[in-house]
Amino acid sequence: MPHAPTDRADVRDMLVVHEAFRQAYRRMPGLVMTVTPGDVRRAGIVADHIQLIEEFLHLHHKGEDDLLWPKLLDRAGDRLASAVALLEGQHEEIASLMTQVSAQLESWRQAPSGARATQLADGLARLGTRLAEHLAIEERDVLPLVAEYVTAEEWHELGDHAISGLPKAKLPIVFGMLASLAEPEVVTLMLSSAPLVPRLIMPLIGPRAYARHTRRVYESGVTAAA
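To keep things clear, this report deals only with the structure shown in the data block. This is a predicted model, so every value here is computed, not measured.

What follows concerns the overall build of the protein chain. Check the secondary structure of the protein chain and you find 8 helices and 0 strands. Taken against the 2.2 N^0.38 rule, which gives 17 Å for 226 residues, the C-alpha radius of gyration of the protein chain at 18 Å falls within 12% of a compact globule. Structurally, the protein chain occupies a C-alpha span of about 60 × 40 × 25 Å along its principal axes. Within the span of the protein chain, comprising 226 residues, buried residues form 47% of the whole.

Once that is clear, we can look at the pattern of salt bridges. Throughout the structure, instances matching the rule amount to 14 salt bridges. Residue E185 pairs with R12 through a salt bridge whose shortest N-O separation is 2.3 Å. In this pair, E185 sits in helix α7 (residues 184–191) while R12 sits in helix α1 (residues 12–33), placing the two residues 173 residues apart along the sequence. Salt bridges sharing partners connect three or more residues here, namely E19, R22, R26 and E139.

Any space left empty among the atoms is revealed by the rolling of a water-sized probe across them. When its volume is computed, the largest pocket comes out at roughly 640 Å³. If you trace the largest pocket, you find 29 residues lining it, with G159, D160, I163, S164 and M190 closest to the centre. Listing elements by their share of the lining of the largest pocket, those giving two or more residues are α1, α2 (40–110), α5 (152–164), α6 (171–179), α7 and α8 (196–218). Classifying every residue of the lining of the largest pocket gives 19 nonpolar, 6 polar and 4 charged. Estimates place the volume of the second largest pocket at around 190 Å³. When the residues that make up the lining of the second largest pocket are grouped by side-chain class, the tally is 4 nonpolar, 4 polar and 5 charged.

It is worth spelling out α6 at this point. With 9 of its 9 residues buried, α6 lies for the most part within the structure. Taken together, the buried positions of α6 are occupied by L171, P172, I173, V174, F175, G176, M177, L178 and A179. The inward-facing, buried residues of α6 abut α1, α2, α5, α7 and α8.

So, about empty space enclosed by the protein. Tallying each qualifying case throughout the model produces 2 cavities of 30 Å³ or more. Among the residues forming the lining of the largest cavity, the class breakdown is 5 nonpolar, no polar and 2 charged.

Looking at where E19 falls in the secondary structure, it is placed in helix α1. What makes E19 partly exposed here is its relative accessible area of 25%. Between the C-alpha atom of E19 and that of L135, which follows or precedes it by 116 residues, the distance is 8.9 Å. Look past the residues within four positions of E19 in its chain and what remains in contact with it is R26 and L181. At 3.1 Å, the side chain of E19 and the side chain of R22 are in polar contact.

This part takes up the packing of α1 against α2. Contact pair α1 / α2: the axes reach a minimum separation of 13 Å and the direction vectors enclose 150 degrees. Here α1 runs over α2; the crossing is left-handed. Counted together, M14, V17, H18, F21, A24, Y25, M28, L31 and V32 of α1 and R42, V46, H49, I50, I53, E54, F56, L57, H60, E64 and W108 of α2 form the full contact between these two elements. Its residues assigned to classes, the contact of α1 with α2 shows 14 nonpolar, 3 polar and 3 charged.

Tracing the backbone through its elements, the reader meets E64 in helix α2. Within the structure, E64 has its side chain in polar contact with the side chain of H91 (distance 3.0 Å). Excluding its chain neighbours within four sequence positions, the residues that come into contact with E64 are M14, H18, W69, P70, H91, H134, E138 and L158.

Rules behind the numbers
Residues numbered from 1 in each chain as written. Predicted model: local features only at pLDDT ≥ 70, side-chain atom pairs only at ≥ 80, totals over all residues. Heavy atoms only, no water. Helix = DSSP H or I, 4+ residues; strand = E, 2+ residues; numbered from the N terminus. Rg over C-alpha atoms; globule rule 2.2 N^0.38 Å. Buried < 20%, exposed > 50% of the residue type's maximum accessible area, 1.4 Å probe, protein only. Salt bridge = Lys/Arg side-chain N within 4 Å of Asp/Glu carboxyl O. 1 Å grid on protein atoms, 1.4 Å probe; cavity = no way out; pocket = protein on both sides within 12 Å on 5 of 7 lines; lining within 4 Å. Points joined across faces, edges and corners; volume = space filled by probe spheres on them. Nonpolar A, V, L, I, M, F, W, Y, C, P; charged D, E, K, R; others polar. Contact = heavy atoms within 4.5 Å. Polar contact = N/O pair within 3.5 Å; in protein donor to acceptor, adjacent residues only side chain to side chain. Axes fitted to C-alpha atoms, helices over the stretch in contact; angles between N-to-C directions. Left-handed = near helix turned anticlockwise from the far one by under 90°.

Encoded structure:
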């Protein structure tokens, strides 16, 4: 049964997460190709960035698999079963591509040759394309209906699952990345279920941590939206 309007999930935070993934994966192939062959130090910096986004994407999809799709199938299977089945299948395909890219990433990190860079960049491009297709379908066919069947509390559990799985030292970077793409009220929404101290300090330390991260990764002051 649909929920009362005051208790509905607000999916705007997920739209921000999706956009962060799209932008990050669009930039990854070019980022890899800018590394001078043999520059292990620079390759390590870029690889760490790619791995962080990869970990966040894995947690995001696992949260949907464990916490979102079962609720939607139970409560709105007549409306969403086919869309959820498609998205679940895409999760498996994307996970397979991520496994391949992870192996290529580690190989390139250890010995960043031109050939390995090209192989990795091609793999990241394929992954980014499939991911963008997946996110577009989810945004078109599922997210507009989520608020009818998932409570605000349940929705926050989904976001908290992804955040809690990341290394604590990386949380400010990820929050800063998301905050750079979100309207102020959506930033407030993202923090609404956090404990008091993180809710107060994350808007201060997150953007700074992300700015440092982008300077280190992109070797300039540009943001990932550029």
